[in-house]
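Residue-level structure breakdown
Listed below, chain by chain, are the residues.
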Amino acid sequence: MVYLGDIVSEFRYCKLRREWTLFAPERLKRPKYLNNKKEAYLGEIIHEKCPFDMGREEFTPNEITRISQDGKWKCRVVPNLYNALSIETQPVSKRDGYFEKFNGFGAHEVVIETPNHDKQIWDYDYNDLANYFTIIQERVVNLKRDSRFAFISIFKNQGEEAGASISHSHSQIMALPFLPKKIKEEIEYKKSYYSEHKRALLDDLVYEEQGYGKNIISQNSEFIIYCPYASIFPFEVKIVAKKKLSSLSEFSKSDISALCDITKEFFNKYYKALGEVAFNMIINNAPYEEYSEKTKEYYRFNIEIEPRIYKIAGFEINSLMNVNVMLPETAAKIYKDN
Ligand SMILES: [Zn+2]
């Protein structure tokens, strides 16, 4: 159970927006470890080594899995110490007068991507990326065995502007007992698009981007990377599977290898074009709910990378319509030239 005083983490349903909010008071207690300085909650900076470094494994909760080479770990997954959700909580939904809530059941894990404190994703070699995607694949497969989970969210917050509180390179995995509204709507749309056209929506978007050409950064036999025609963020990028793959759980070794190649090529360009700009990366897999062989027909595995160059403001919050100052054609050209 996740407590702060006697407040347990919980989902509360907003009947106005028809969406859940996750209240996770424990997250407020997170210290900040940026550049190896521990900034304790509410201010004070303490010089202390980071808990994700090699040799400091006792500062993280019990390890879930690791990949080792030559007797040393290269990549580890641990439960999130400041978890927003807990797997030990029983999933229970309750009525609270007119209000509705659901307790904070779910999984919240951290992928410590490298033992090296100073290595960032743009410094990774092929082997680092192969370990990264392989360990995430293992978690996607294992969490899927728990039938209480409907949805898995995998994301990386790189840099303080993207929400990272620790500079040591890491990603997070959250598994939820229901689909967020946005995901539910997206799945319904993808299914109905498939039933009308007998093709996956994202396959058709990729086909259009290939025809248009100007937004494509690179492609290999299995993946394509481009700046979407109607991008929300400046320099936004999407990596999409060209084969019928809907989830990392379906990837063979050679699929992972092709994904590593294109990811490595992209982050080299990213670093040259933008430098150490903060970004969010989301690894989108088909939800667990209603997953079957048929999922591969309408859902396509993809990765979104959203640089945090400008902050969202009032108009965006009010209208949910984004203002983007950079055309994807220009962004793609800048990436390609680097
Ligand atoms: Zn570190």
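Fair warning: this is a prediction, and the values are worked out from it, not measured in the lab.

This part covers the coordination of the zinc ion. Around the zinc ion, the protein contributes the donor atoms Cys50 (SG), Asp53 (OD), His117 (ND1) and His168 (ND1), at 1.8 to 2.2 Å from the metal centre. Each of the four donor atoms around the zinc ion contributes to a set of angles spanning 97 to 119°, which defines the coordination as tetrahedral. Here the donor residues of the zinc ion share one chain and are spaced in sequence as C-x2-D-x63-H-x50-H. Placement of the pair is Cys50 in the loop between strand E7 (45–47) and strand E8 (65–69) and His117 in the loop between strand E12 (107–112) and helix H1 (126–144), with a sequence separation of 67 residues. Side by side, Cys50 and His117 carry an identical accessibility label, which is buried.

A few words now on the domain arrangement of the protein chain. As assigned here, the protein chain comprises domain 1 (3–181) and domain 2 (188–336). Relative placement of domain 1 and domain 2: their C-alpha centres are 23 Å apart. Residue-level contacts link 30 residues of domain 1 with 31 residues of domain 2. Each partner contributes to the roughly 2700 Å² buried at the junction of domain 1 and domain 2, and carbon and sulfur atoms together form 70% of this total. Together, Trp122, Tyr126 and Phe133 form the three largest contributors to the area buried by domain 1 at its contact with domain 2, with a combined 29%. Put simply, domain 1 and domain 2 have zero salt bridges between them. Our enumeration of links across domain 1 and domain 2 arrives at twelve residue pairs in polar contact (both at pLDDT 80 or more). For the side of domain 1 that touches domain 2, the secondary-structure elements that each account for two or more residues are H1 and strand E13 (151–158). Of the residues forming the side of domain 1 that touches domain 2, the biggest block, 13 residues, is contributed by H1.

Rules and cut-offs
- Residues numbered from 1 in each chain as written.
- Predicted model: local features only at pLDDT ≥ 70, side-chain atom pairs only at ≥ 80, totals over all residues.
- Heavy atoms only, no water.
- Donors = N, O, S within 2.8 Å, 3.2 Å for Na, K, Ca; no water.
- Tetrahedral: all angles 85-135°; square planar, octahedral: opposite > 155°, others 65-115°.
- Helix = DSSP H or I, 4+ residues; strand = E, 2+ residues; numbered from the N terminus.
- Buried < 20%, exposed > 50% of the residue type's maximum accessible area, 1.4 Å probe, protein only.
- Domains from an automatic or database assignment.
- Contact = heavy atoms within 4.5 Å.
- Buried area = accessible area lost by both parts, 1.4 Å probe.
- Salt bridge = Lys/Arg side-chain N within 4 Å of Asp/Glu carboxyl O.
- Polar contact = N/O pair within 3.5 Å; in protein donor to acceptor, adjacent residues only side chain to side chain.

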